[in-house]
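# Inside the fold
As a plain string of letters, each chain reads:
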Amino acid sequence: MIRVTNLVKAFDGKEILKNINVTFPQGSTTVIVGPSGSGKTTLLRCLNLLETPTSGSIAFDDTIYTFTPNEPLSTAQVLNLRRKSGMVFQSFNLFPHKTVEQNIIEGPIIVKKQSKASALVQAHALLEKVGLSDRAQHYPHQLSGGQKQRVAIARALAMEPEVILFDEPTSALDPELEQEVLKVIQSLASEHSTMIIVTHNLEFARNIADFVIFIEAGHIVETGNVAQVFEQPQHKRTQEFLNLFGRTTY
Ligand SMILES: Nc1ncnc2c1ncn2[C@@H]1O[C@H](COP(=O)(O)OP(=O)(O)O)[C@@H](O)[C@H]1O
Ligand SMILES: [Mg+2]
């Protein structure tokens, strides 16, 4: 379980995340929705320390990481916390000069000190899982966007993180390529991987999410299970947001 307590992130003195309190249960999928600029990406980036929170704490089970301005975490703490989560970006972020296989084995070999042989065995199993067994020796530029994103998911899984963070994983993709990526994410959900997904695809969110968070202007306005947030939103802002994104089509 991941517990975020009183998390604040400020850039140049301006608070972008304001006192975030939320729990992500083990084995569940949480979808984060909210308007552009509300802090969704910043929250994900804080969870794996691509951004350092200004204050507050993040706990993975019983291990608590507390952030205080002027008192940075130790390097060991940073590395430990980072290894607990894998990030899948909107723009894939594969290493362009490495093959698919090399993209996947790099982290396990360098960070986890896995042998190359075992990293390769694992990479090929993951490629099969995301339906790309025949692409191991290709370079990213030889792949479609949907294939690139599936490689990025395999790369994140290779690190065996406790949680996978997806930041609008399909928003750079055409609708038909989007589906192949959503199918992979759906299969991870059915295996009870712990996932946090930022998406604007509310139909997908509705199908996959155990829990939904609506965030606006750096605040969590509303949280609950899918039925609560999508069918009976308690806050006017949530209702307005859902109406804007076509709740009436459900
Ligand atoms: N590195 C940064 N420096 C300054 N401001 C930032 C930085 N990253 C994000 N922001 C600001 O934080 C706010 C939230 O951004 P973001 O988390 O990307 O929102 P979202 O993902 O919900 O669209 C925006 O106003 C954005 O300009
Ligand atoms: Mg964003």
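All values reported here derive from a predicted model rather than from experimental measurement.

## Quick look at the UniProt feature "domain: ABC transporter" (unreviewed entry) in the protein
Here the UniProt-annotated "domain: ABC transporter" (unreviewed entry) positions come out as residues 2–242. Between the end C-alpha atoms of residues 2–242 there is a gap of 27 Å, over a span that is 38% helix and 26% strand.

## Structural notes on the nonpolar core
Taken as a class, soluble globular proteins show a tendency for nonpolar side chains to be buried jointly. Counting 47 residues, the largest nonpolar core has Ile-153, Phe-166, Ile-185 and Met-195 as the members making the most contacts within it. A domain-level breakdown of this core finds at least three residues from each of domain 1 (1–84 + 161–225) and domain 2 (95–160). If sequence neighbours within four positions are ignored, Phe-166 has contacts with Leu-44, Val-88, Ile-153, Ile-185, Leu-188, Met-195, Ile-196, Ile-197 and Val-198.

## Here's the deal with the sheet that holds strand β7 (residues 163–167)
Pairing in this open sheet of 6 strands is mixed, and the strands run β6-β7-β8-β3-β9-β10 from one edge to the other. Both outer strands of the open sheet, β6 (85–88) and β10 (219–225), are each paired with one neighbouring strand and no more. Averaged over all pairs of adjacent strands, the angle between strand axes in this sheet comes to 15°, irrespective of strand direction. As paired strands, strand β3 (residues 29–33) and strand β9 (residues 211–216) are joined by 4 bridges and run parallel to one another. Bridge pairing in β9 links Val-33 to Phe-214.

## Things to note about the domain arrangement of the protein
Domains assigned within the protein are domain 1 (1–84 + 161–225) and domain 2 (95–160). For domain 1 and domain 2, the distance between their C-alpha centres works out to 23 Å. The interface is formed by 14 residues belonging to domain 1 together with 15 residues belonging to domain 2. Surface buried jointly by domain 1 and domain 2 totals about 1,200 Å² across both partners, of which 70% is contributed by carbon and sulfur atoms. Joining domain 1 to domain 2, the criterion identifies 2 salt bridges.

## What to know about the pairing of strand β2 (residues 14–24)
Strand direction decides the pairing type here: strand β1 (residues 2–11) and β2, joined by 7 bridges, are antiparallel. Residue pairing in the sheet places Ala-10 in a bridge with Glu-15 of β2. Between β1 and β2, which pair antiparallel and follow one another directly, the connecting turn spans 2 residues, one of which, Asp-12, has a positive phi of 50°.

Cut-offs and rules
Residues numbered from 1 in each chain as written. Chains lettered and ligands numbered in written order. Predicted model: local features only at pLDDT ≥ 70, side-chain atom pairs only at ≥ 80, totals over all residues. Heavy atoms only, no water. UniProt positions renumbered as here; feature names shortened; annotations may be inferred. Helix = DSSP H or I, 4+ residues; strand = E, 2+ residues; numbered from the N terminus. Core = buried A, V, L, I, M, F, W, Y, C linked by side-chain atoms within 4.5 Å. Buried < 20%, exposed > 50% of the residue type's maximum accessible area, 1.4 Å probe, protein only. Domains from an automatic or database assignment. Contact = heavy atoms within 4.5 Å. Pairing = 2+ DSSP bridges. Axes fitted to C-alpha atoms, helices over the stretch in contact; angles between N-to-C directions. Buried area = accessible area lost by both parts, 1.4 Å probe. Salt bridge = Lys/Arg side-chain N within 4 Å of Asp/Glu carboxyl O.

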